[in-house]
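If you want the building blocks of each chain, they are given just below.
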Amino acid sequence: MSNPAGAHLKLTWANKTNAHNGDNFLAELTLTNLSDQPLQGAGWALYFNTCRKIKPETVTGGAHVTHINGDFWSLEPKADFGVLQPGESRTFAYEGLFWVISETDAPLGFYIVYDVNTSNAKMEVIGDPEILDFASPEQRNRNAADLVALGGPAKTYADNEGLSLLAADQLSKITPTPLSYKAASGEFVINKHTLIVHSNDLANEAALLQASLRDVSGKVLQRAAKAPAGAAAITLKIGAVNVSDTLAPKEAYQLDVTSQGIVITGASAAGVCNGIQSLRQLLPVAAFLNPQAELSVAACQVLDAPRFAYRGMHLDVGRNFTSKETILRLLECMSLYKLNQFHFHLTDDEGWRLEIPSLPELTEIGSLRGYTKDETDNLVPCFGSGGDVAGEAGSGFYSKADFIEILKFATARHIEVVPEIDVPGHARAAIKAMNVRYTRLMAQGREAEAKQYLLCDFADASVYESVQLWHDNVICIGQESCYTFIETVLHDVKAMFEEAGAPFTTMHTGGDEVPHGAWEQSPVCQAFMKEKGMTQIVELQNYFLARYRDLLKKYGLVFGGWEEIALVKKEVNGVHTHGPNPEFVNANFRPYVWNNVWGWGQEDFAYQLANAGYKTVLSNVTNLYFDLAYSKDPLEPGYYWGGFIETRGAYDFVPLDIYTTATVNLFGHPLDKDNIASKVRLTPEGVKNIIGIQGQLWAENIRNRGRLEYLAMPRTIALAERAWAKDPAWTSIADAAARQSKMDADWNEFANRLGQRELPRLDSFPRVGGTDGYGYRIPLPGAKVEGGKLHANVAAPGLVIRYTTDGSDPTPASAIYSAPVAVSGTVKVAAFSSSNRRSRVVAV
C-alpha cells in the first residue's frame, strides 16, 4: 500500500549501510509535510510495523521510538522537535539490529494519530514509505562474511547457461513424472459425442472430469452408466492396479489411451482422480488458453502410483488473510499436480481466521487488525496492514459456510484438509479475544461464564519475547479453562467437517516457538505445578501435551504439530540441545519438521525423530519454505532467514538423504564435511517413518493474491515432482562429476517442462475464483552484453524473451530474442508468458 491519495504526510525510507557496529544497520526515515498546516511538535504519534528491532537511543531528528509489541512500533516527537512547516522534511536516522538487504525488510504500514491518548484522537493512513534503491554492496550484503552472490542479469545468465531448449518428445508427458509411460500408435479424439462412463461410486470423479473437459473444449460431455456399442467413451472404473514401491497403493492408477477410447482404472476413487489429472496433462496445452471442440490425446499406457502417501502444501492465513477464492485456486492447482494434503494454518498471534460458532469473539475481535486504543475492538496492525481495519490483508475470516465450501471443494479432489489451531504459543489473537469475552461477561456479573474460556493469567509477570517479538502470546496452560477452550474449538471444527462430508483425521496443534521464560512467573501456573509436584517447566509442557493428546484421542485424531511437540531438551557432553521425546513416540504424534538450516546444528532432527519411531513429515526450510525469496535481490519479495530458494532448490531436494545437495551455509560458506558426516542418517525403520513432504507458505509478506501465487508457483510444481516421483537416477551415481552432469541434465528436462508446458497451462488455469490464469513468478531473464552482442536466456526454456535498445521497457510487441544479437544503447530485457504477462524488466 503506497502513499494514499489525499494523505497529508509522505515517508521515504533508506538503508544506508549494513555491518555497522558489528551486525547492525543504519537507516533513515524521512517525513515530509504535504499539507498546508504545520505539524506541531507534540500530541501526535506515527505507528508502523518492522521486523527489525530499532535501538531507541540511536534515533535522531527530535523523536523517540518505542517498541510496543510484536512488530508494532511508534515514533513520537520529543519536547525539542519543534515544528515541521508545510513542504518541509525531517529525517530520523537510526540504528537497528542485524541487517536489511531487501524491500521486504523495510518498515511498512504507517499511520499517524493526532491528539494521541485523548478522547479526540484521530487517525490518518499514510501507507508504505517510498523505499530507496539498495545500490551499494554495503546495502545489499549482510556483512563482510556474506558470500552469497548478488542477484542480477549476469549471474542469472551464468546460472542458466547449462539449459537448452529441448524438443517436445524429449520431455516427460506428465508432471509429476509417472512410474511408467509407454507410447503407442494412434490417438483418441475427444469431441462433443464422447461419453463419460462410470459407476455411481465414481460420480464425483466423473463430474470433475466433465468440468475439466468443459474448460478446455467448451463442451459438456454426457455421462452414462454404460456406453452403447461402438460409442466413443472415457471409462472410469475401480480395479486392480499392478504397482509396487509406493506408500499409497490405493492411489495407484492405470491410464489406457487407444484409438477406440480411454480407460482410467484406479485402485480406489482417489486413484481414478489421479488418473484424471494425468489425462488433463495429456490434453493439448493450447486448449487451456483457447478451448478446442476436438481434443486429441496420443495413444499410450500410464502405470503410476505416488512415492509418498503424504504430499502436502501448507498455507498460513493467520499472519495475513487470504480470500476463499484464492484458496480454491490453490487447491485446484494442488489437485492438478496430485498434492493431497492441505495444511491450513488458520490461527496465529496476528489473526484468528475461522468462525467458531460457540465462541464468536474469536472472529469478532481476533480476525480484525487496525488502529485501536486498547485492542478491545480489534488487534493492532501487523506486517504493514496499516491503520484501516478494512485493510486488504490484515482483517478477514472464513465463515462457517466458507469453510464448509473449502472442505467440500478439497474433498471432491481427494485433498484432505489438515486444520492448524496454533497453541500454546502463537496464540495472541485468541488470548485477546477471550479477554474481551471475559470483560464483557464480568461486567454482566456472570463470573463463571467469564472464566470458562479464559486463556491468560492476568497476574502473570513472566518476561519473554517470542521470535516474532511478542511478549504476551502464550496461553496459560495451568488453568482448566485452556483445555475447555481447546475442546470447544475441536467440537465446532469437527462439526463443520461432518457437515461438509470431509474426512477429519488430523489436527495440527502448532506447538512451536514457545519462548523461554513463559509461565515462569505465572501465579496460576506455579500453583498448578506445586499441586502436581512439578519442579520444571518442561513437566508443565509435557502435561499440556498429554492433556491435548487425550482430547485428540477422544475425537479420533492424529496429533500433528511442528517438531517441538516431539522434542525434549537434553544435555550432551555439556551442550544443551534437543532430542526425540520418548514419552510420546507411541502417542499418535506426527511431527512436521522444518528446522534443517545448514550450520544451525539441527539439520538431522527429522531423521532423529523418524528413527525414534515418529511418523514424520519433512517440511525443510532450506528447500520447501516458499515464502522465502527466490534470490538475493532487493526487489524479490520474501524473507531469507533460511536461505534463498529458486525453483531448482525445491526440485533438487532429496527427501531420504537431504545432505546430498547440501553445499553451503546461509552465508555461502562451504559446509564442514566432517560435521555433515556426523549427522544422523535414516535407519531402515526410519525410512518407513518418513510419510511424506510438504511445502510451506507463511504469510508475513503475502498481502494479496498476486503475491501468494508469485511465491507459490512454480516452486509448488517442483515440490509435487519430489513428493510423487522416485528419486532421480543421479542420486545413485558415486562419481561427483558424473552425478553433477546428470543432475544438470535432469534439471534441464524439468525446466523445459515448466517453460513449454506447465507455465503455459497455468496461464489460463485454474478457472475458479475468476478467469485469470495463475499468477506464477515468471523467472527473470539472464542477460549480458559481450562483444557488442546481447546474450540472453531464461530458467524455463520455452518462455519468450523480448528486448529493447532505446531504454523503454519491453512489451509484447518488442523484438524477440532467439540468438546473440548486436545491440547498442540502453538494453532492457524481459521474459513473457504465453498470455503476455511479463517478468520484471532487467537492464543490461
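In the block above lies the structure referred to throughout.
Here's a quick rundown of the structure. It should be emphasised that the depicted structure is a prediction, and the values quoted were computed from it without experimental measurement.

Things to note about the side chain of Arg722
Relative to the helices and strands, Arg722 is located in helix 20 (residues 715-724). At 2.7 Å, the side chain of Arg722 forms a polar contact with the backbone oxygen of Tyr651. Excluding its chain neighbours within four sequence positions, the residues that come into contact with Arg722 are Phe308, Ala650, Tyr651, Phe653, Pro655, Ile693 and Pro728.

Considerations on the sheet that holds strand 5 (residues 72-77)
Backbone-to-backbone hydrogen bonds join strands into a sheet, with any given pair of strands oriented parallel or antiparallel. Strand order in the open sheet formed by five strands is 4-5-3-7-8, with antiparallel pairing between adjacent strands. Across the chains shown, the open sheet's two edge strands, defined by having one partner strand only, are strand 4 (63-69) and strand 8 (122-127). In this sheet, adjacent strand axes meet at a mean angle of 25° when their direction is disregarded.

Focus on the packing of helix 6 (residues 324-336) against helix 8 (residues 400-412)
Between two packed helices, what matters for the description is the angle formed by their axes and the separation of those axes. Where helix 6 meets helix 8, the axes come as close as 10 Å, and the angle between the chain directions of the two elements is 10°. Relative to helix 8, the element helix 6 is oriented roughly parallel. Across from Lys324, Ile327, Leu328, Leu331 and Glu332 in helix 6, the residues of helix 8 making contact are Asp402, Glu405, Ile406, Phe409 and Ala410. Here the residues of the contact of helix 6 with helix 8 sort into six nonpolar, no polar and four charged.

Overview of the pairing of strand 3 (residues 44-49)
For strand 3, a buried count of six out of six residues is recorded, marking the element as mostly surrounded by other parts of the structure. Pairing of strand 3 with strand 7 (residues 108-114), which is carried by five bridges, proceeds in the antiparallel orientation. Its bridge partner being in strand 7, Trp44 is matched across the sheet by Tyr114. For strand 3 and strand 5, the ladder comprises four bridges, and the chain directions are antiparallel. Residue pairing across strands places Phe48 opposite Trp73, the latter belonging to strand 5.

Here we look at the sheet that holds strand 1 (residues 9-20)
Pairing within the open sheet is mixed, and its four strands lie in the order 6-2-1-9. Single-partner strands in this sheet number two, and they are strand 6 (89-97) and strand 9 (130-131). Here strand 1 runs beside strand 9; their pairing, made up of two bridges, is parallel. Each bridged residue has a counterpart across the sheet, and for Trp13 the counterpart in strand 9 is Ile131.

A few points about unusual backbone geometry
Cis geometry marks the peptide bond from Val423 to Pro424, where omega comes out at 0°. With respect to the helices and strands, the residue Pro424 is situated in the loop between strand 21 (416-423) and helix 9 (428-443). Cis peptide bonds are those with omega within 30 degrees of zero, and the linkage from Met713 to Pro714 qualifies with 10°. Topologically, Pro714 is positioned in the loop between helix 19 (705-712) and helix 20. Positioned with a positive phi, His414 is a non-glycine residue whose angle comes to about 60°. Inspection of the secondary structure puts His414 in the loop between helix 8 and strand 21.

Conventions and cut-offs
- Residues numbered from 1 in each chain as written.
- Predicted model: local features only at pLDDT ≥ 70, side-chain atom pairs only at ≥ 80, totals over all residues.
- Heavy atoms only, no water.
- Helix = DSSP H or I, 4+ residues; strand = E, 2+ residues; numbered from the N terminus.
- Polar contact = N/O pair within 3.5 Å; in protein donor to acceptor, adjacent residues only side chain to side chain.
- Contact = heavy atoms within 4.5 Å.
- Pairing = 2+ DSSP bridges.
- Axes fitted to C-alpha atoms, helices over the stretch in contact; angles between N-to-C directions.
- Parallel < 35°, antiparallel > 145°, perpendicular 65-115°, else oblique.
- Nonpolar A, V, L, I, M, F, W, Y, C, P; charged D, E, K, R; others polar.
- Buried < 20%, exposed > 50% of the residue type's maximum accessible area, 1.4 Å probe, protein only.

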